[in-house]
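# Inside the fold
If you want the building blocks of each chain, they are given just below.
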Amino acid sequence: MINVYNRNFMQGMWQITKAYWFSEEKWKARMLLAVIVALNLGHVYIFVLLNEWNNTFYNTLQNHDKDGFVSAIGTFCILAASHIIVAVYVLYLQQFLEIKWRRWLTEKYLQTWLHKQAYYQMQLLENNTDNPDQRISEDLKLFVNLTLGLSIGLLKAAVTLFSFMFILWNLSGSLTIPIGQTEVTIPGYMFWVAILYSVAGNWLTVKIGKPLVNLNFSQQRYEADFRFSLIRLRENSESIALYGGEVQERAKLTERFQMVFDNFKAVMLRQKKLTWFTAGYGQIAIIFPLVVAAPRYFSNQMQLGGLIQTSTAFGKVQDSLSFLIDSYSSLAQWQSVVKRLLGFSQAMNRVEHIADEEVIDVTYGTDPSLHVHQLQIDLPNGEELLKGLQLTIHQGDSLLIMGPSGCGKSTLIRTLAGIWPFGQGSVRIPAEQKLLFLPQRSYLPLGTLRDSVLYPYREDFATDEKIRSIMELCKLEGLVDKLDQVEDWSHVLSFGEQQRIAFVRAILQQPDWLFLDEATSAIDEITEAHLYQLLHSQLKNTTIISVGHRNTLVNYHKHKLIIDDMCSWRLE
Ligand SMILES: Nc1ncnc2c1ncn2[C@@H]1O[C@H](COP(=O)(O)OP(=O)(O)OP(=O)(O)O)[C@@H](O)[C@H]1O
């Protein structure tokens with residue numbers, strides 16, 4: 001159970017909140033907030049005036065005072081117009097502040113998530129940080145919306161409460177209750193009745209609604225898990241179709257949806273209990289103040305105007321004290337959102353500080369060679385994959401890494417790329433040199449084929465003519481006319497074509513160091529030979545390090561590193 005009184009929770013919540021209010025946008029944000037607060041206070045003042053207007057208006061009715069009635073209608077028009085204007089701008093400006101705050105937070109989270117491959121390392125390190133996409137899209141939106149809504153709501157409720165408590169105290173007079181021989185007089189009794197009624201209501205609501213906090217938290221998680229399974233199915237549709245894996249997939253999806261269903265049923269049941277109470281409580285609140293004030297009206301201590309004013313003031317006191325009642329589920333949701341964002345921030349923080357732990361030390365040096373010293377590569381569970389690797393690769397060299405499947409070849413490449421932290425020893429990479437890693441499966445972003453070819457650079461990186469000629473060299477002449485076509489290219493292109501796109505990228509980017517991890521595994525041997533010859537002719541000064549199983553690859557490399565599945569290695 002999350003508790004707002006928990007110190008860590010409060011500190012974490014403050015960390016997330018304060019970032020924006022002390023950022024470079026702070027003055028604009030604070031000004032906007034000040035205007036919103038001022039409008040809200042103005043709104044409360046209009047309600048106070050409307051409450052007083054009730055007294056005047058109903059007295060004119062009771063006294064058959066026609067002139068007074070007409071004048072009261074005039075006052076009402078002014079008050080109503082002010083109310084409308086304030087209501088419109090309060091909402092408009094609050095939404096404006098909300099979207100600005102969300103934009104700022106989203107940019108910050110994206111920056112941290114994408115910094116130093118945190119998105120990748122989080123997946124390796126933090127298995128319990130589910131659905132980062134949901135954190136960044138849904139939770140940040142909810143956080144801003146609920147934080148602003150709840151805090152401004154709270155302020156408004158407090159000001160309303162004090163204003164109307166004062167009014168109620170002045171209006172309600174005292175109640176004398178005979179107790180045996182003596183009498184007890186309660187001054188401002190309507191005020192006390194309103195407080196008692198609301199406090200009792202709040203207490204019961206909190207008691208009934210408490211389980212909703214955790215239930216809402218789980219609901220968001222189950223929904224995201226279900227959505228993620230659907231996305232996976234869509235992305236792997238071809239493999240699933242070829243395997244005929246529909247039954248399996250359906251069972252998995254049904255199982256995940258069952259979680260959504262079961263949890264939602266628990267939410268519904270709890271919400272039902274809460275609504276029984278809040279709806280009943282709300283209805284009683286309409287008649288309750290009239291019944292309590294009626295004795296003074298019937299004993300002529302109060303006019304009709306006074307009765308109505310007392311009743312609306314009671315309503316306002318009760319409304320504001322009942323703020324918790326109306327916003328209990330928002331508060332519960334807000335707590336869940338904050339908890340999830342805190343978990344996400346902690347995970348990002350851990351990734352940020354992974355270098356402080358005992359991990360592989362990747363540094364950049366002025367030496368133009370790449371040095372690997374006493375490198376031990378482990379799996380995340382601590383199991384050893386490779387031990388004591390000692391290696392120097394000079395500029396212009398070429399190295400082929402071979403070994404049985406699963407021995408750790410790709411993981412070695414990940415380590416050289418600086419994205420695999422588990423293990424010991426050091427890797428020193430030549431500074432200010434361009435390194436390019438081509439994985440077995442090229443990533444093709446959404447967009448045009450040109451976007452894919454130039455990835456991760458933008459359109460102005462290479463001329464159309466250059467792209468076309470390199471595509472032709474890489475035997476992709478059939479695709480040159482589709483450069484500006486938008487498709488889901490990772491599904492349209494064959495695996496071999498996708499690998500050739502990666503070669504186009506490499507030649508366009510002219511890296512100093514090129515790492516190819518089974519980058520020709522889907523390409524026939526003749527085309528593979530052509531592509532490697534192309535690399536040698538187009539990237540004359542590039543150091544090439546390849547991972548592969550085919551013996552034909554030996555012809556294109558000067559050295560060979562052979563890893564076996566006993567964690568050992570040898571250089572040839
Ligand atoms: N994120 C991970 N978490 C846990 N284990 C992993 C992870 N990534 C890789 N491994 C394990 O590390 C071992 C080495 O994997 P790696 O991909 O480096 O092998 P490989 O030699 O390149 O294999 P192949 O030739 O089949 O591509 C495998 O047993 C794999 O299951």
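Not measured: the values here are computed from a predicted model. (Residues numbered from 1 in each chain as written. Predicted model: local features only at pLDDT ≥ 70, side-chain atom pairs only at ≥ 80, totals over all residues. Heavy atoms only, no water.)

## Points about the sheet that holds strand β6 (residues 398-402)
If you walk across this open sheet you meet the 6 strands as β8-β11-β12-β6-β13-β14, and the pairing is mixed. Of all strands in the sheet, those bounded by a partner on one side alone are β8 (435-438) and β14 (569-571). Strand-to-strand twist of the sheet, defined as the mean angle between neighbouring strand axes without regard to direction, takes the value 15°. For β6 and strand β13 (residues 559-563), the ladder comprises 4 bridges, and the chain directions are parallel. Each bridged residue has a counterpart across the sheet, and for Met 402 the counterpart in β13 is Ile 562. Its contacts with the sheet place helix α17 (residues 495-509) against β8 and β11 (513-517), and it is angled at close to 175° to β8. (Pairing = 2+ DSSP bridges. Helix = DSSP H or I, 4+ residues; strand = E, 2+ residues; numbered from the N terminus. Axes fitted to C-alpha atoms, helices over the stretch in contact; angles between N-to-C directions. Contact = heavy atoms within 4.5 Å.)

## Observations concerning the UniProt feature "transmembrane region" (unreviewed entry) in the protein
Per the UniProt entry, the sites bearing "transmembrane region" (unreviewed entry) are residues 31-50, 70-93, 142-169, 189-206 and 274-294 in this numbering. Annotated as 100% helix and 0% strand, the span residues 31-50 places its first and last C-alpha atoms 28 Å apart. Split by type, residues 70-93 is 100% helix and 0% strand. Its first and last C-alpha atoms lie 35 Å apart. (UniProt positions renumbered as here; feature names shortened; annotations may be inferred.)

## Comments concerning the pairing of strand β2 (residues 182-187)
As judged from the 6 bridges shared by strand β1 (residues 174-179) and β2, these two strands associate in the antiparallel manner. Looking at the pairing, Ile 179 lines up with Thr 182 of β2. Count of turn residues in the β1/β2 antiparallel hairpin: 2 residues, of which Gly 180 carries a positive phi of about 60°.

## A few points about the pairing of β13
Sheet topology places β13 next to β14; 3 bridges connect them, and they run antiparallel. Counterpart to Leu 561 in the pairing with β14 is Leu 571. Here β13 folds back onto β14 in antiparallel fashion, the turn holding 5 residues, of which Cys 567 has a positive phi close to 70°.

## Some thoughts on helix α13 (residues 409-416)
Judged by how many residues are buried, α13 sits mostly within the fold: 6 of 8 residues are covered. Of the positions making up α13, those classed as buried are Lys 409, Thr 411, Leu 412, Ile 413, Thr 415 and Leu 416. Where α13 ends, the next residue or the one after it, Gly 418, has phi of about 80°, a positive value. (Buried < 20%, exposed > 50% of the residue type's maximum accessible area, 1.4 Å probe, protein only.)

## Brief notes about helix α9 (residues 246-298)
Over its 53 residues, α9 runs 75 Å from end to end, which matches the ideal 78 Å to within 8%, given 1.5 Å per residue. Roughly 35° is the biggest bend found in α9, and it falls at Val 292, with proline Pro 295 one to four residues downstream. Positive backbone phi, approximately 60°, marks Asn 300, located one or two places after α9. (Expected span 1.5 Å × (residues − 1). Bend = angle between axes of the 7 residues up to and from the residue.)

## Overview of the site of the ligand
Taken together, the neighbourhood of the ligand is formed by 16 residues, with Ser 405, Gly 406, Lys 409, Ser 410 and Thr 411 sitting nearest. Contact distances for the ligand include 2.7 Å between an oxygen atom and a side-chain N or O atom of Lys 409. Note that an oxygen atom of the ligand is positioned 2.4 Å from one of the side-chain N or O atoms of Thr 411. Considered on its own, the ligand offers 640 Å² of accessible surface; in the complex 63% of this is hidden by protein. A per-element tally of the shell around the ligand places α13 first, with 4 residues. Residues that form the shell around the ligand fall into these classes: 7 nonpolar, 6 polar and 3 charged. (Near = heavy atom within 4 Å. Polar contact = N/O pair within 3.5 Å; in protein donor to acceptor, adjacent residues only side chain to side chain. Areas by Shrake-Rupley, 256 points an atom, 1.4 Å probe, with all protein chains shown as cover. Nonpolar A, V, L, I, M, F, W, Y, C, P; charged D, E, K, R; others polar.)

## A short note on empty space enclosed by the protein
Counting across every chain of the model gives 1 cavity of 30 Å³ or more. In this structure, the largest cavity spans a volume of roughly 30 Å³. Taken together, Thr 112, His 115, Lys 116, Ala 118, Met 348, Val 351 and Glu 352 form the lining of the largest cavity. Top contributing element to the lining of the largest cavity by residue count: helix α12 (residues 328-352), with 3 residues. (1 Å grid on protein atoms, 1.4 Å probe; cavity = no way out; pocket = protein on both sides within 12 Å on 5 of 7 lines; lining within 4 Å. Points joined across faces, edges and corners; volume = space filled by probe spheres on them.)

## A few points about the domain arrangement of the protein
Domain annotation for the protein reports domain 1 (7-355) and domain 2 (361-571). For domain 1 versus domain 2, the separation of C-alpha centres amounts to 53 Å. Interface area, domain 1 with domain 2, both sides summed: about 630 Å², of which 64% is carbon and sulfur. Three residues stand out in domain 1 for area buried against domain 2, namely Tyr 120, Gln 121 and Leu 124, and they jointly supply 61% of the buried area on that side. For the interface between domain 1 and domain 2, the tally reads 0 salt bridges. The interface formed by domain 1 and domain 2 includes 2 residue pairs in polar contact (both at pLDDT 80 or more). Residue assignment for the side of domain 1 that touches domain 2 shows that the elements contributing at least two residues are α4 (118-125) and α7 (212-235). With 4 residues, the single largest contributor to the side of domain 1 that touches domain 2 is α4. Grouping the constituent residues of the side of domain 1 that touches domain 2 by class yields 4 nonpolar, 2 polar and 2 charged. (Domains from an automatic or database assignment. Buried area = accessible area lost by both parts, 1.4 Å probe. Salt bridge = Lys/Arg side-chain N within 4 Å of Asp/Glu carboxyl O.)

## Remarks on the environment of Gly 478
Topologically, Gly 478 is positioned in the loop between α15 (464-473) and β10 (486-487). Taking relative accessible area as the criterion, Gly 478 reaches 62% and is therefore assigned exposed. The sequence separation of Gly 478 and Ser 405 amounts to 73 residues, and the corresponding C-alpha distance is 34 Å.

## A short note on the nonpolar core
If you look at the biggest cluster of nonpolar residues, it comprises 65 residues, and the most contacted ones within it are Tyr 109, Phe 143, Ile 401 and Leu 412. Residue-level mapping places this core at the junction of two domains, with at least three residues from each of domain 1 (7-355) and domain 2 (361-571). Apart from the residues within four sequence positions on either side, Tyr 109 is in contact with Ile 16, Ile 136, Leu 140, Leu 341, Phe 344, Ser 345 and Met 348. Listed in part, the 39 residues of the second largest apolar core include Met 471, Cys 474, Ala 529 and Leu 535. (Core = buried A, V, L, I, M, F, W, Y, C linked by side-chain atoms within 4.5 Å.)

## Regarding unusual backbone geometry
Of note, the amide linkage connecting Tyr 455 to Pro 456 takes the cis form, showing an omega dihedral of 5°. Residue position: Pro 456 is located in the loop between α14 (449-454) and α15. Positive phi is not limited to glycine here, since Gln 374 has a value of about 40°. Mapping Gln 374 onto the fold places it in strand β4 (residues 370-378). One non-glycine residue, Glu 432, lies in the positive phi region at around 55°. Looking at where Glu 432 falls in the secondary structure, it is placed in the loop between β7 (423-430) and β8.

## A few points about the sheet that holds β4
Reading across from one edge, β3-β7-β4-β5 is the order of the 4 strands in this open sheet, with mixed pairing throughout. A strand with exactly one partner marks an edge of an open sheet, and here the two such strands are β3 (361-365) and β5 (384-393). On average, each strand axis in the sheet is tilted by 15° relative to the strand beside it, whichever way the strands run. Taken together, the 5 bridges between β4 and β7 define a ladder with antiparallel strand orientation. Paired with Gln 376 across the bridge in β7 is Gln 424. Running over the sheet, α13 touches β3, β4, β5 and β7 and is turned about 125° from β4.

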